[in-house]
Amino acid sequence: MNLLQILLQALKTRILPLVTKVKLFLSPNYIKSRLTELIRTFFTKVLNIKPKDKNDYYPIGNWLVSKKLAFAMVLIVGVLSLVYIIFSWNALFPGRSNERIKTYSYNNVLLKFAKGNVRIKGKSGYLAYEGEVSKGSCNGVGELKNPAGNVVYQGNFKQSMYEGEGTQYYDDGSIHYKGAFHENLYSGTGTLYRTNGSIEYEGNFVYNKKEGQGILYDMGHNEIFNGMFTEDDIKYSDLLGKSATEVAGSYKGERTLYNTKDEHIRYMPDIDALTVEFADEDSIDTEGEVAAVYVLKDSFNTANGPVKSFKDLSDVLGQPIYVGSSYGTFSELLAITKISDENERVYFSGYPEIDSTAVYNEYIDVTGYENQYEVYLHTYRRDGLVYTFVTEPGLETFYFYFVQDEALADVG
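Residues numbered from 1 in each chain as written. Predicted model: local features only at pLDDT ≥ 70, side-chain atom pairs only at ≥ 80, totals over all residues. Heavy atoms only, no water.

- Under the annotation held in an unreviewed UniProt entry, the protein carries the name MORN repeat-containing protein and is attributed to Pseudobutyrivibrio ruminis.

And the structure:
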């Protein structure tokens, strides 16, 4: 036993130093220190650029550049390039990585090289965009969010703008518009929603405005009007010359027919309008054509937005062909009563007197009205139509207006 113990002790004495050295060589601290020492020695030699004779220089014009210095600069540029490639690999070759979608800050220079699906953080650090990018812009399908985390837009992008089919949302996340876009604006066929989720309008848009054929709905998603739109509003002049049946085919909302000896007037509250037909006979179902359309609004839509003052109207319609007072027709008096009832105030010098008898709920026979009720008119002519704006003397704005075909208008 003593001999065996002596033998084991001798082996242990021989092997233990070897094991200790192996552990030392494999320890991270030793490896790190050795690598650091090797790198330091290497760069010390490389950067020891003090030349000894003319063969240690590269002649460049009138300059002599140390060969060691040139080598050191090439080496440093190579190392920095390698580091850049390693850290930008996912941006340059997104399809070759199995990692999750790359996330960038909005001002990260690497976004210029990114391609494919990425996430982009906004200035305050919130996730602003997730989707396809290329050539330094949002291109393809993506999703834009606001700082609250609600989706602002989902759909197609081109050069970081809404382009093609997409869906826009209100700030609270409810849907606002779904359809075609061009350069961030509604352009083409789409559907516009109210904040409560009900559909307001379906049809054509141009530069964010209702333009062309469309359908207007009420809060209960009942169809109100199906027809032509322009400058983000109903094209009221398009009703001129239409029969009662044709008007009924366009307007589906509530209506009341006022019948006088000379006129049939249809009040359409859901589109703030009156249509006037000259009566040829005492018939509710007359097929007379619309001779005038009254728009019960105190603004007039233009390409630059709604205008209310006569100064702005002159910029759009030109100088008026008539300005002055007149005795109001029944159509004008009825319009005054409707805007007065709607706005709970009396316009002009007082409330006009109208005598009538209700034949049916939606049909009223007018037996008389005040024929010396004075109104003040500003009349303009443009593109074969005559626009007359009704107001009071001295005012620079109007209460409502009506439009007629120039051939039928009684103006000079």
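1. Side note on the pairing of strand 26 (residues 400-405)
Then comes step 1: Of all the six residues making up strand 26, five are buried; the element is thus mostly covered by neighbouring parts of the structure.
Then comes step 2: Note that strand 25 (residues 385-391) and strand 26 share six bridges and pair antiparallel. Looking at strand 26, one finds that L385 is bridged to D405. (Buried < 20%, exposed > 50% of the residue type's maximum accessible area, 1.4 Å probe, protein only. Helix = DSSP H or I, 4+ residues; strand = E, 2+ residues; numbered from the N terminus. Pairing = 2+ DSSP bridges.)

2. Let's talk about the nonpolar core
Then comes step 1: Of all hydrophobic cores here, the largest spans 47 residues; its most connected members are F225, I271, F300, L313 and F389.
Then comes step 2: The residues touching F300, leaving out its near neighbours within four places in the chain, are G305, P306, V307, L313, L317, Y387, F389, F398 and Y401. (Core = buried A, V, L, I, M, F, W, Y, C linked by side-chain atoms within 4.5 Å. Contact = heavy atoms within 4.5 Å.)

3. Some remarks on the packing of aromatic side chains
Centre-to-centre distance and the angle between the planes together describe a pair of aromatic rings.
Then comes step 1: The full count for this structure, using the stated rule, is 25 aromatic pairs.
Then comes step 2: For the ring pair Y129 and F157, a centre distance of 5.3 Å and an interplane angle of 90° mean the geometry is edge-to-face. With Y129 in strand 5 (residues 127-134) and F157 in strand 7 (residues 151-158), this pair connects stretches of sequence that are 28 residues apart. The pair formed by Y129 and F157 is uniform in burial state, with each residue classed as buried.
Then comes step 3: With 3.9 Å between their ring centres and 15° between their planes, Y177 and Y186 make a pair best called stacked. Note on accessibility: Y177 and Y186 belong to one class, buried.
Then comes step 4: Following the ring pairs from residue to residue traces out a cluster consisting of Y129, Y153, F157, Y162, Y177, F181, Y186, Y201, F205, F225 and F229. (Phe/Tyr/Trp six-rings, centres within 6.5 Å; stacked < 30°, edge-to-face > 60°.)

4. Focus: helix 6 (residues 310-317)
Note on helix geometry: an α-helix contains 3.6 residues per turn, so any two residues three or four positions apart are oriented the same way.
Then comes step 1: Listed in full, the buried residues belonging to helix 6 are F310, L313, S314 and L317. Along helix 6, the residues classed as buried sweep out an arc of 100° about the axis, all on the same side. Of the exposed residues in helix 6, the ones pointing more than 90 degrees away from its buried face are K311 and D315.
Then comes step 2: Tucked inside the fold, the buried residues of helix 6 contact strand 19 (300-302), strand 20 (305-307), strand 24 (374-382) and strand 25. (Arc of directions from axis to C-beta.)

5. So, the sheet that holds strand 24
Then comes step 1: Taken together, ten strands build an open sheet; the order of strands is 21-24-25-26-18-17-16-15-23-22 and the sheet is mixed. Edge strands, defined here as strands with exactly one partner in the open sheet, are strand 21 (322-327) and strand 22 (354-360). Recorded for the sheet is a direction-independent mean angle of 25° between the axes of neighbouring strands.
Then comes step 2: Each of strand 24 and strand 25 touches helix 6; the most contacted strand, strand 24, lies at about 25° to it.
Then comes step 3: Sheet strands touched by helix 7 (residues 330-343): strand 15 (256-259), strand 16 (263-268), strand 17 (273-278), strand 18 (290-295), strand 21, strand 22, strand 23 (363-369), strand 24 and strand 26. Its angle to strand 16, the strand with the most contacts, is close to 20°. (Axes fitted to C-alpha atoms, helices over the stretch in contact; angles between N-to-C directions.)

6. As for the layout of surface pockets
Then comes step 1: By volume, the second largest pocket is sized at about 350 Å³.
Then comes step 2: Taken together, 19 residues form the lining of the second largest pocket, with T230, F300, N301, R382 and Y387 sitting closest to its centre.
Then comes step 3: Here the lining of the second largest pocket takes three residues from strand 19, the largest share from any one element.
Then comes step 4: Here the residues of the lining of the second largest pocket sort into ten nonpolar, four polar and five charged. (1 Å grid on protein atoms, 1.4 Å probe; cavity = no way out; pocket = protein on both sides within 12 Å on 5 of 7 lines; lining within 4 Å. Points joined across faces, edges and corners; volume = space filled by probe spheres on them. Nonpolar A, V, L, I, M, F, W, Y, C, P; charged D, E, K, R; others polar.)

7. A few points about helix 7
Then comes step 1: For helix 7, spanning 14 residues, the distance from its first C-alpha to its last is 20 Å, which sits close to the expected 20 Å at 1.5 Å a residue.
Then comes step 2: Counting buried positions over the 14 residues of helix 7 gives eleven, a clear majority of the element.
Then comes step 3: Within helix 7, burial applies to F330, S331, E332, L333, L334, A335, I336, T337, K338, I339 and S340. (Expected span 1.5 Å × (residues − 1).)

8. Comments concerning the pattern of salt bridges
Then comes step 1: For the structure on display, the rule yields eleven salt bridges.
Then comes step 2: Of the charged contacts, one joins E231 and K209 as a salt bridge, the two residues approaching to 3.5 Å between their closest N and O atoms. Of this pair, E231 sits in the loop between strand 13 (223-230) and strand 14 (233-234) while K209 sits in strand 12 (residues 209-217); the two residues are 22 residues apart in sequence, bridging distant segments of the chain.
Then comes step 3: Where E277 meets R266, a salt bridge forms, and the shortest distance between an N and an O atom there is 2.4 Å. Highlighted residues: E277 in strand 17 and R266 in strand 16, separated in sequence by eleven residues.
Then comes step 4: Salt bridges linked by common partners bring E200, K210 and D232 together as one network. (Salt bridge = Lys/Arg side-chain N within 4 Å of Asp/Glu carboxyl O.)

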